[in-house]
Amino acid sequence: MKLKSLFLILAAGWIGFSCGTTTISSDMEADWISNAEAGALSSAHVMENGNYIYLADSRSAVLIDGETGLPLKTYSDSFWQMMANNLETTAVNRLIGGSLRGSDMVADAYNFYPLPEAGVMLLLDYRFTEEIIAALDVNSGEEMWRAEGLSYSGGHLTSAVEAAGGRAGRRLASMLGAQHEEESAEDRRERRVGFMEKVILPYKNGFFLKTSDGFTFYDAGSGDIVFSVDGFNGTGISDVLQIESDDYIVLSSGRDIAGITASSSYHIARISPEGDVLWQSDHNGRRTQQLVLAEQAGVVLVDGYPTQAFDLNDGAMLWENDTRRGNEYHHMVVDGDYVYIASDERGTTARVSESRVEKRNLRSGEVSWQTDRTRNAVFYDAFLHGDHLIVIGTGRFFDGNRRGIIAYDAQTGDVAWRTPEIRDFSNAVLQEGDTLYYIADGKFIGVDPVTGQTRLETPLGDQSGHFGLGFFKHGDKIVSIGTGGVTAFNPENGRIIYNVRNRDGAESFQVFGDVAALHRNSRNVRLVNLNDGTLSNVVRRNNDRRYFGDLDGFIFVNAEEKFALSLGDSGRLMRHSFSWVSSEETADN
């Protein structure tokens with residue numbers, strides 16, 4: 001009875017909440033602060049425009065009412081429910097013994113996975129004794145169906161990880177998200193979340209689930225298996241796409257793990273909507289990222305390291321190119337029967353990577369043209385504008401070994417134009433209509449993408465701190481966000497529409513409709529209305545934990561701009577209604 005009384009006291013603390021008070025001092029008073037706390041490195045997902053929040057802490061999973069902050073449901077597989085149902089279970093013994101591992105449901109043994117199009121939230125419970133997927137109705141939190149006896153987490157390979165020593169064991173742990181003696185609990189959790197993101201891939205009203213030896217496509221609403229394919233090797237699903245015939249092209253992922261692998265090969269397959277395998281081929285799994293479809297040419301590209309091209313009709317590998325996919329500076333552009341690649345390749349000397357731009361025939365792999373190799377060069381972006389391939393980057397390709405833009409003739413590879421030497425460049429270029437926009441050397445610039453001729457140029461004066469974090473189109477404006485503020489430009493004439501000085505500073509940002517959330521030190525957030533440049537007051541979160549899901553950036557803004565949800569002190573969920581300041585910090589031009 002004493003244990004039961006203890007549980008009731010703990011449960012009461014779990015479901016409590018407070019209104020308008022907090023341990024941290026914000027410029028906006030909170031509507032409510034829930035006592036439900038997100039555990040560090042756990043899942044936090046906002047659904048139905050903030051009406052429901054699925055939260056996980058180190059002990060359980062809970063559904064929160066977005067209007068009141070009160071819990072609507074705690075899930076039956078959670079540790080606390082097990083404790084309530086049977087006070088003499090091993091769960092209590094483990095609590096007393098200070099251990100929540102093993103078969104108990106703890107934060108490092110489950111994840112949420114939202115399927116908003118189907119109105120479903122998946123709860124993945126991958127405890128060592130059992131692996132389960134439960135489908136929850138997004139609005140009510142009620143369980144719709146569950147699948148048990150699964151094997152998808154890599155937990156069955158834990159013994160192999162523990163037996164593997166040194167570097168091999170660490171690399172295998174990295175691939176599987178499994179535990180290794182030299183790995184911290186935080187690193188293990190982060191790796192496992194990364195691995196689990198490969199296991200499920202949503203598609204329309206269903207999802208693909210990668211198991212240890214194959215994959216299955218489920219109907220998300222009913223839990224019915226639409227089709228299942230055995231013997232599909234790899235450690236997860238890298239990508240799935242559907243072609244005009246409605247067949248699926250499915251790509252598994254994998255890495256070379258120093259001789260200790262979960263499978264001997266990795267697969268790409270074409271599968272009918274009924275689940276018939278029309279063809280299946282091996283692909284090189286190193287750094288596999290995604291599929292790039294060139295259906296006009298009858299080709300699908302595996303964008304990895306190397307890049308490989310497969311025939312859509314029979315799965316035959318047509319060619320491969322040793323481009324180093326695995327960093328953000330790699331770009332592929334498909335156009336008709338050709339592909340343009342701006343990337344690194346293994347170098348000719350000491351195997352140091354070297355960069356180049358090239359054009360290849362999609363079916364034969366024949367090179368139409370390519371630049372010379374050069375070291376010390378990276379590419380930030382590449383895209384086609386008419387008969388020109390526009391490449392943005394830095395290094396020896398560009399004047400003065402600095403940053404800039406090059407336009408290649410798409411047919412010949414000749415340089416049509418390039419920007420003069422740029423010392424200070426935002427690295428981002430926008431193509432809007434027949435103009436390229438960028439910020440360089442203290443100016444907002446628009447150029448003709450065919451000739452490179454300057455069409456407009458606006459000096460920025462003392463607003464240099466307003467650039468570098470983001471550069472994007474919003475409505476009829478071009479918006480630039482930086483550490484010191486936000487500036488909006490008129491793309492027709494380059495004039496500044498508004499200039500917001502954010503004295504609180506920013507290190508990153510998120511965009512929610514017409515509002516951008518400006519973050520500083522993972523602790524402070526303030527909002528800016530992208531339409532008129534007005535600022536909100538500051539929310540101070542006092543929270544430097546990392547989470548996964550919609551609140552990975554620590555804040556969610558309601559689409560109607562009515563409120564913001566964030567994770568505050570100790571991971572406590574908070575809601576703040578909007579409070580906008582006057583235009584004192586906004587300089588209109």
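Residues numbered from 1 in each chain as written. Predicted model: local features only at pLDDT ≥ 70, side-chain atom pairs only at ≥ 80, totals over all residues. Heavy atoms only, no water.

## A closer look at the overall build of the protein chain
The helix and strand inventory of the protein chain stands at six helices and 47 strands. Within the protein chain, buried positions represent 55% of all 589 residues. Of the contacts formed within the protein chain by residues at least 6 apart in sequence, a portion of 42% connects residues at least 24 apart. Summing over all exposed atoms, the protein chain offers an accessible surface of approximately 24500 Å²; the carbon and sulfur share of this is 43%. (Helix = DSSP H or I, 4+ residues; strand = E, 2+ residues; numbered from the N terminus. Buried < 20%, exposed > 50% of the residue type's maximum accessible area, 1.4 Å probe, protein only. Contact = heavy atoms within 4.5 Å. Areas by Shrake-Rupley, 256 points an atom, 1.4 Å probe, with all protein chains shown as cover.)

## Examining the sheet that holds strand β34 (residues 454–459)
On the basis of which strands lie adjacent, the open sheet formed by four strands has the order β31-β32-β33-β34 and antiparallel pairing. The strands lining the two open edges of the sheet, one partner per strand, are β31 (430–432) and β34. Averaged over all pairs of adjacent strands, the angle between their axes in this sheet comes to 20 degrees, without regard to strand direction. Of the strand pairs in this sheet, strand β33 (residues 443–447) and β34 are connected by five bridges, and their pairing is antiparallel. (Pairing = 2+ DSSP bridges. Axes fitted to C-alpha atoms, helices over the stretch in contact; angles between N-to-C directions.)

## Things to note about the pattern of salt bridges
Opposite charge on two side chains makes pairing possible when the charged atoms of those side chains draw close. Within the structure shown, the criterion is met by 15 salt bridges. A salt bridge links glutamate 67 to arginine 575; the shortest N-O distance between them is 3.7 Å. Within this pair, whereas glutamate 67 is found in the loop between β5 (61–65) and β6 (71–74), its partner arginine 575 is found in strand β46 (residues 572–577), the two being separated by 508 residues in sequence. Across the salt bridge formed by lysine 473 and glutamate 432, the nearest N and O atoms sit 3.5 Å from each other. Of this pair, lysine 473 sits in strand β35 (residues 468–474) while glutamate 432 sits in strand β31; the two residues are 41 residues apart in sequence, bridging distant segments of the chain. When its relative accessible area of 34% is taken as the criterion, lysine 473 is described as partly exposed. Take glutamate 432: its relative accessible area is 27%, and that puts it in the partly exposed class. (Salt bridge = Lys/Arg side-chain N within 4 Å of Asp/Glu carboxyl O.)

## Things to note about the sheet that holds strand β13 (residues 214–219)
Adjacent strands of a sheet form backbone hydrogen bonds with each other and so pair up, either parallel or antiparallel. Strand order in this open sheet of four strands is β11-β12-β13-β14, and the pairing throughout is antiparallel. Here the strands that pair on one side only, and so sit at the sheet edges, are β11 (200–203) and β14 (225–230). Averaged over all neighbouring strand pairs, the angle between strand axes comes to 15 degrees, with direction disregarded. Two strands pair when backbone bridges link them, and β11 and strand β12 (residues 206–210) are joined in this way by four bridges, in the antiparallel orientation. Looking at the pairing, isoleucine 200 lines up with leucine 209 of β12.

## Thoughts on the confidence of the model for the protein chain
Mean pLDDT for the protein chain: 78, with 75% of residues reaching 70 or above. Confidence over residues 78–107 falls short of pLDDT 50; this stretch has 59 contacts with residues more than four positions distant or in other chains. Note on residues 255–263: pLDDT under 50 across the span, and 21 contacts to partners over four residues away in sequence or across chains. (pLDDT = per-residue confidence, 0-100.)

## Some thoughts on unusual backbone geometry
One non-glycine residue, aspartate 246, adopts positive backbone phi at about 75 degrees. We classify aspartate 246 as partly exposed; its relative accessible area is 40%. Unlike most non-glycine residues, aspartate 441 shows phi in positive territory, near 50 degrees. Secondary-structure assignment places aspartate 441 in the loop between β32 (435–440) and β33.

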